[in-house]
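Below are the chains, spelled out letter by letter.
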Amino acid sequence: MSEYRVASRYAKSLLGLAQERGVLEEVHDDLQLFRKVCEENRDFVVMLKNPIITHDKKTVILNKLFESKFQQETVAFLGIIAQKHREMLLPAIADEFHKQYNDHHGIGMANVTTVIPLDDTLRQDFKTLTGGLIGKQKIELSENIDKDLIGGYVLKVEGKQVDESLRGKLNELSLIFS
């Protein structure tokens, strides 16, 4: 079974449990913090994936790091995942949980890549554009900077891409004249 499918199933189970217990927002915050730790600490992710480190040791590490910061349900969930020897999937589960949380709340996700950082006006314009494309009022916009675009933007939303960059236009022209 693919990593995505397994992560999706665990995320769905945790989402259901958190809703049932009335701690959905808190568990989401916990997993957002977990995602941030994974993004900022490559060694932590390597440790989770390392087959030489025993599952018991990984459980102890997870408990020491997060027991005092996370909800009881989140800590128990991390323990169950480690007990089932699936701790290497925790970053993917946290990502998938965030996607399912957004779906549950009707929040669309988009990624925009530009040459310069967006100001508040441009950010709102992209959210409005994206909302119109996918029919959702709330948009979570992640931003990337890529100087190689030369100008313009690349917007990715729900498997679609809108490339309005100068690099993209130059590539199109080179294909036409080739």
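Below or above, wherever it landed, is the structure these notes cover. All figures in this text were calculated on a predicted structure; none of them were measured in a lab.

## Some details on the overall build of the chain
Across its full length, the chain holds eight helices and four strands. Each helix and strand of the chain, placed in order from N terminus to C terminus, yields the pattern α-α-α-α-α-α-β-α-β-β-β-α. Dimensions of the chain, computed from the C-alpha atoms along their principal axes, are close to 60 × 35 × 30 Å. Here the chain holds 178 residues, and 37% of them are scored as buried. Summarising the internal contacts of the chain: among those between residues at least 6 apart in sequence, 65% fall at separations of at least 24. By element, 52% of the accessible surface of the chain is carried by carbon and sulfur atoms, the whole surface being about 11,000 Å². When the 24 positive and 27 negative side-chain charges of the chain are each reduced to one mean point, those points stand 5 Å apart.

## Notes on the sheet that holds strand β1 (residues 107-114)
With mixed pairing, four strands are arranged side by side in an open sheet as β2-β1-β3-β4. Among the strands making up the open sheet, the edge pair consists of β2 (138-145) and β4 (160-163). Averaged over all pairs of adjacent strands, the angle between their axes in this sheet comes to 20°, without regard to strand direction. Both β1 and strand β3 (residues 153-157) contribute to a ladder of five bridges, which runs antiparallel. By the bridge assignment for β3, Ala110 is matched with Val157. Of the strands in this sheet, β1, β2, β3 and β4 touch helix α7 (residues 120-134), which is tilted by about 45° from β3.

## Side note on helix α6 (residues 90-104)
Structural remark: α-helix, 3.6 residues per turn; residues separated by three or four positions point the same way. Taking 1.5 Å as the rise per residue, α6 with 15 residues should run 21 Å; its terminal C-alpha atoms sit 20 Å apart, in good agreement. Positioned one or two residues after α6, Gly106 has a phi angle of 70°, which is positive.

## Here's the deal with the packing of aromatic side chains
A full pass over the atoms with the stated rule returns six aromatic pairs. Taking the centre distance of 6.0 Å and the plane angle of 75° together, the rings of Phe44 and Phe66 count as edge-to-face. One end of the pair, Phe44, is in helix α3 (residues 42-49); the other, Phe66, is in helix α4 (residues 55-66), with 22 residues separating them in the sequence. Judged on exposure class, the residue Phe44 and its partner Phe66 are both buried. Plain terms: the ring middles of Phe66 and Phe70 are 4.6 Å apart, the flat faces sit at 15° to each other, and that makes the pair stacked. Each member of the pair, Phe66 as well as Phe70, carries the same accessibility label: buried.

## Focus: the environment of Leu15
Tracing the backbone shows Leu15 in helix α1 (residues 3-21). Judged by its relative accessible area of 9%, Leu15 is buried. On a C-alpha basis, the gap between Leu15 and Ala76 in space is 14 Å, while along the polypeptide they are 61 residues apart. Dropping the residues within four chain positions of it, Leu15 is found in contact with Leu24, Phe97, Gln100 and Tyr101.

## Some thoughts on the pattern of salt bridges
Applying the stated criterion across every chain yields a total of nine salt bridges. Note that Asp95 is salt-bridged to Arg35, the shortest N-O span being 2.8 Å. Linking Asp95 in helix α6 with Arg35 in helix α2 (residues 24-40), this pair joins segments that are 60 residues apart in sequence. Residue Asp95 is classed as partly exposed on the basis of its relative accessible area of 33%. On the basis of relative accessible area, Arg35 is assigned to the buried category, the value being 19%. One salt bridge connects Glu143 with Arg123, and the closest N-O pair in it is separated by 2.4 Å. Of this pair, Glu143 sits in strand β2 while Arg123 sits in helix α7, and the two are 20 residues apart along the sequence. Assessed through its relative accessible area of 32%, Glu143 is described here as partly exposed. Three or more residues joined by partner-sharing salt bridges are found here, namely Asp103, Lys136 and Glu158.

Analysis parameters
- Residues numbered from 1 in each chain as written.
- Predicted model: local features only at pLDDT ≥ 70, side-chain atom pairs only at ≥ 80, totals over all residues.
- Heavy atoms only, no water.
- Helix = DSSP H or I, 4+ residues; strand = E, 2+ residues; numbered from the N terminus.
- Buried < 20%, exposed > 50% of the residue type's maximum accessible area, 1.4 Å probe, protein only.
- Contact = heavy atoms within 4.5 Å.
- Areas by Shrake-Rupley, 256 points an atom, 1.4 Å probe, with all protein chains shown as cover.
- Lys, Arg positive; Asp, Glu negative; His and termini not counted.
- Charge placed at Lys NZ, Arg CZ, Asp CG, Glu CD.
- Pairing = 2+ DSSP bridges.
- Axes fitted to C-alpha atoms, helices over the stretch in contact; angles between N-to-C directions.
- Expected span 1.5 Å × (residues − 1).
- Phe/Tyr/Trp six-rings, centres within 6.5 Å; stacked < 30°, edge-to-face > 60°.
- Salt bridge = Lys/Arg side-chain N within 4 Å of Asp/Glu carboxyl O.

Structural measurements only, silent on function.
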